Each structure stands twice: as structure tokens, then as C-alpha cells.
Amino acid sequence: MTPSLAPPTQRQRLKAIIGGSTGNLVEWYDWYAYAAFTLYFAPHFFPSQDRTAQLLSAAGIFAVGFLMRPIGAWLMGVYADRHGRKSGLTLSVALMCAGSLLIAVTPGYETIGVAAPLLLVLARLMQGLSIGGEYGASATYLSEMAGKNRRGFFSSFQYVTLIAGQLVAICVLLVLQATLTEAQLDAWGWRIPFFIGGALAVIVFWLRRGLAETQSFAVAKAAGAPKSGFVELITNHPRETLTVMLLTAGGTIAFYAYSIYMQKFLVNTSGLSRETASQINAVTLFAFMLLQPVAGALSDRIGRKPLMIGFGVMGVLCTYPIFATLAVTKDPLIAGLLVMAGLVIVTGYTSINAVVKAELFPAHIRALGVALPYALANTLFGGTAEFVALWFKQAGMEEAFYIYVTVMIAISLVVYVRMRDTREHSQIQED
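Residues numbered from 1 in each chain as written. Predicted model: local features only at pLDDT ≥ 70, side-chain atom pairs only at ≥ 80, totals over all residues. Heavy atoms only, no water.

Visitor: If you had to explain the overall build of the protein to someone new, which residues and values would you point to?
Guide: Along the protein, the regular secondary structure elements total 21 helices and 0 strands. Relative to the compact-globule value of 22 Å for 431 residues, the protein shows a C-alpha radius of gyration of 21 Å, a close match. Reported as C-alpha extents along the three principal axes, the dimensions of the protein are approximately 65 × 45 × 40 Å. The long-range share in the protein, meaning contacts at least 24 apart out of those at least 6 apart in sequence, stands at 87%. Summed over its atoms, the accessible surface of the protein is roughly 16,100 Å², and 68% of this surface lies on carbon and sulfur atoms. (Helix = DSSP H or I, 4+ residues; strand = E, 2+ residues; numbered from the N terminus. Rg over C-alpha atoms; globule rule 2.2 N^0.38 Å. Contact = heavy atoms within 4.5 Å. Areas by Shrake-Rupley, 256 points an atom, 1.4 Å probe, with all protein chains shown as cover.)

Shown next, in the form of C-alpha cells:
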């Protein structure tokens, strides 16, 4: 028999969501610091005279980190379903801390040879394991703590803090570019953000230990629900699992194309300076971050489905023109406006993807159900987006990447049109 538990007050909800979001921000700061500083540390780990070849090698290791995300999603998704969302969040930030500190202290190729890129791979594998568990635990935690009528709004902070983590990484880059010389930043300054990430992760580890557990987890555990596990997921929830993978595919590749890869694209293709590209990335990401709760709140009024369909339609129509125009523009203002247009379109996915996935699964399997199929899609499409884009460029077929992104968004659009609106058919019970 399930216990009669009083739902959390609004103040308790807010405190828990702020606490969970802060940890999510630090996790994603650590993850994105790698991408933000690739232009500076790539020569230390991959000696070559060809900048595109260096970036391609670094992007390959960025993609390798994604290979651990499904494993992290599986292991820590099960852990969060069986032992609590708080426990999963605490474990993930500890792994992220270790990975960041390893990157910070690893010597370059000239000092230790091939061991340098191998240690970089190890650090990214640890961070991939961490992020794989982080997404499912944080998305589930925020969605369960939000309350029925504001679930879209509160869960949107999962991407607010995700973007904020990326934005903080870019801001650290801008500060270092302003305070250090180019030679200092190339030589040792790129290590600073990884030391910062490790220190912040230690603080968040302590904060997360004090978070309250969600009511949904407590009720499911007391009711003796089936244990979370891979077999349970694919046997009893195959449709929902496939839905999460397919709805993620287009959204994640579009997000990574306009955020992670865009900094390199503006330098390597548009011909803008590294400083200008970083500034454009910072300004557009800040505006993008502010849009998330607005769109999340809108979904609480009109439903999740209209926003996802809007992203799908506009993504199919506008992706190729945006990238093709960006490739030839030399005006930073025009470039910034084009990047912002792409990010506005992607908001239809990013603002509500966490709650949509959480609403598809019952509590006993929710963290795993959100994390594993998302991580698989992210590994296949999001994590490889930068690598694929650079590969096409090196092969002289850069426009093929624009087509690739468009096709993936179109596949997800079919899913958005066919699926039920999860706001009206949510598996998250209002206890």
C-alpha cells in the first residue's frame, strides 16, 4: 500500500529545483569547456600543421566521450531509479570532477608523447559516463518536483542550466582572452577552466548531498514497483523508448550544430576571428538561455506538441539557408542574427524535451527511460555532429552537412506529428 505523502510546498519545490539546476550547470560547464577551448589545446595533444586536422582529432575525442554516455545512462539511470534521484545526481558530479582535473594536469604530446591524447580520451570517457547519468537524473528530478501545472516551466531549467554551463565556459574563454596574451593562452592558459570546473564540482557534490528526494520516487519505492533495468525498459516500454530516440535525433543534432560546432564554423568557414566567434557564441547563447523558460511556460498552456512541431517545420525549411548564408558572410552582426535565428527555432525542442521524455514513463523506470534512449541518440547524432561537419569540410563537401541536419530534423518531425501530447497524457502522477 502506498503511503499518504503530502506534496511539497512551492517553496520546497523551488529550493529543490534551484539546487538540482546548480549542479546541472556545473556538470555542463565542465563538459563544454572542452569544446570552448579546443582551438587552444588541440595543438598540444595533436601536433599537425593543418588546423582542420587538429580540430578533427579533438572533435573525434569529443565524440568518443559520447560513447560512454549510453553506458552512464544505463548504469546511473538504474541507480537513480533504485536508490533515488539525489544519489544519482551526487555520483555523476563526482565523476565529472575527476575528468576535469585529469584534463587540467595532463602534459602535452611533446612531453609524454602518445600518452597525452590517451589520457585526454580517458578524461572524456569519465565525463561521458557522468553526463550520461546526469541528463536522466536531472530531467527526472526537475520534472517530478515541478508540479502538474508548471511542469513545462520548471523542467525547462534543465536546459537553462545546460546552456548556462556552456555560456559560463565561453565567458571564461572571453575573460582569459582579455587578460592573457595569445601566447600565454596557447601555452598554459587553456588549463585554467578545467581547474575551475573541478573545484566547482567539489562544491556541488556537497550541495547535492543535501537535496530532498522526490515524492514520485518515494511513492514508487513504497508501492513495490518493478525494479528498473534494461530488460524491463525494452520489454514493457519499447514504444516509449523508440519515441525518445527518434524525437531526440533531430533536436540534438540541431542543438549541437548551432551551439557547439558554431564557434568553429564561424572561424574555420566564415573566416571570422576566434575572439569574434566567441563573442557571437556568448551573446546568442545568453539570449537562447532566456528563451527556455518562456517556451516552457507556453507549453504548460498550449501543450508540448505544438512547440515540437514548430521546431520540426522551421528546422526543415531554414537549416540549409542559415548555414549557407553564414558560410559566406563576413559581417559579425549578420552572422549573430543568423545564429540567433537558428537557436530560436531549436528552442521548440530544447525547452521541453526533458519534460516530454519524463512524462512518457512511470516513476519506477523514469530515470533510465529518459536517459538511455536519449544518450543513444545523442551518441549517434549529437556527439558526432562536429566530427561529421569537419569531415565533410575536409572532403570538400561542406554543404552535405547542412542537408544531413535537415534530414534528421525531418525524421524527428514525423515523430512529433504522430505522438500524443504528453501534457495531456502524462505518466507523472500528481500525488
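Visitor: Any details on the pattern of salt bridges? Residues and values, ideally.
Guide: Under the definition given, this model contains 10 salt bridges. We note a salt bridge from Arg 85 to Asp 81, for which the minimum N-O separation is 2.8 Å. According to the relative accessible area criterion, Asp 81 is buried, its value standing at 8%. A salt bridge links Lys 264 to Glu 386, with the shortest nitrogen-to-oxygen separation between them at 3.6 Å. On the criterion of sequence distance, the pair formed by Lys 264 in helix H14 (residues 260-268) and Glu 386 in helix H20 (residues 385-394) is long-range, its members being 122 residues apart. (Salt bridge = Lys/Arg side-chain N within 4 Å of Asp/Glu carboxyl O. Buried < 20%, exposed > 50% of the residue type's maximum accessible area, 1.4 Å probe, protein only.)

Visitor: Outline the packing of aromatic side chains, listing residues and values.
Guide: One pass over the full model with this rule turns up 19 aromatic pairs. Each ring, one from Phe 265 and one from Phe 323, has its centre 5.4 Å from the other, and the planes form 85°; the classification is edge-to-face. With Phe 265 in helix H14 and Phe 323 in helix H16 (residues 305-328), this residue pair connects regions lying 58 residues apart in the sequence. Each member of the pair Phe 265 and Phe 323 is classed as buried. By the ring-pair criterion, three or more aromatic residues cluster together here, those being Tyr 258, Tyr 261, Phe 265, Tyr 320, Phe 323, Phe 401, Tyr 402 and Tyr 404. The ring of Tyr 34 carries the charged tip of Arg 124 above its face, separated from the ring centre by 4.2 Å. (Phe/Tyr/Trp six-rings, centres within 6.5 Å; stacked < 30°, edge-to-face > 60°. Lys NZ or Arg CZ within 6 Å of the ring centre and 35° of its normal.)

Visitor: Mind laying out the nonpolar core, listing which residues take part and the relevant values?
Guide: Formed by 114 residues in total, the largest nonpolar core has its most connected members in Tyr 32, Phe 37, Phe 255, Tyr 256, Leu 326 and Phe 401. Looking at this core element by element, the count peaks at 11 residues for helix H8 (residues 157-179). Counting residues in hydrophobic clusters, the runner-up holds 10 residues, among them Ala 16, Ile 17, Leu 142 and Leu 211. (Core = buried A, V, L, I, M, F, W, Y, C linked by side-chain atoms within 4.5 Å.)

Visitor: Break down the packing of helix H6 (residues 115-146) against helix H19 (residues 366-382) for me, citing the residues and quoting the values.
Guide: Two elements in contact, H6 and H19, have axes whose closest approach is 8 Å; the angle formed by their N-to-C orientations is 135°. Here H19 runs oblique to H6, going by the angle between their axes. The crossing of H6 and H19 is right-handed. Contacts between H6 and H19 pair Gly 132, Tyr 135, Gly 136, Ala 139, Thr 140 and Glu 144 from the former with Arg 366, Ala 367, Val 370, Ala 371 and Tyr 374 from the latter. The residue makeup of the contact of H6 with H19, split by class, is 6 nonpolar, 3 polar and 2 charged. (Axes fitted to C-alpha atoms, helices over the stretch in contact; angles between N-to-C directions. Parallel < 35°, antiparallel > 145°, perpendicular 65-115°, else oblique. Left-handed = near helix turned anticlockwise from the far one by under 90°. Nonpolar A, V, L, I, M, F, W, Y, C, P; charged D, E, K, R; others polar.)

Visitor: Outline the side chain of Lys 357, supporting the account with residue identities and numerical values.
Guide: On the secondary structure map, Lys 357 appears in helix H18 (residues 353-358). No salt bridge is formed by the buried Lys 357, whose closest oppositely charged neighbour, Glu 359, lies at an N-O distance of 12 Å. Only 2.9 Å separates the side chain of Lys 357 from the side chain of Asn 353, close enough to count as a polar contact. The contact partners of Lys 357, leaving out residues within four places of it in the chain, are Tyr 135, Val 244, Leu 247, Thr 248, Tyr 349, Val 370 and Tyr 374. (Lys, Arg positive; Asp, Glu negative; His and termini not counted. Polar contact = N/O pair within 3.5 Å; in protein donor to acceptor, adjacent residues only side chain to side chain.)

Visitor: Describe in detail the packing of H20 against helix H21 (residues 399-418), supporting the description with residues and values.
Guide: One way to put it is that H20 packs onto H21 with a least axis distance of 7 Å and a crossing angle of 145°. Where H20 approaches H21, its residues Ala 385, Val 388, Ala 389 and Phe 392 are matched on the opposing element by Ala 400, Phe 401 and Tyr 404.

Visitor: An account of a nonpolar patch on the surface is needed here, citing residue identities and associated values.
Guide: On the surface, Ile 71, Trp 74, Leu 75, Phe 230, Val 231 and Ile 234 cluster together into a nonpolar patch covering about 560 Å² of accessible area. At the level of secondary structure, the elements contributing two or more residues to the nonpolar patch comprise helix H3 (51-83) and helix H12 (230-236). Counting through the fold element by element, Val 231 comes out in helix H12. Exposure remark for Val 231: the relative accessible area of 58% places this residue in the exposed category. (Patch = residues over 30% accessible without salt bridge, like charges linked within 9 Å, V, L, I, M, F, W, Y side chains within 5 Å.)

Visitor: Got a sec to walk through the environment of Phe 153? Specific residues and values, please.
Guide: Inspection of the secondary structure assignment puts Phe 153 in helix H7 (residues 151-155). Along the backbone, Phe 153 and Val 355 are 202 residues apart, and their C-alpha atoms lie at a distance of 9.3 Å. Those residues in contact with Phe 153 that lie beyond four places of it in its chain are Pro 293, Gly 296, Ala 297 and Asp 300.

Spatial relationships are all this shows, so hold off on functional conclusions.
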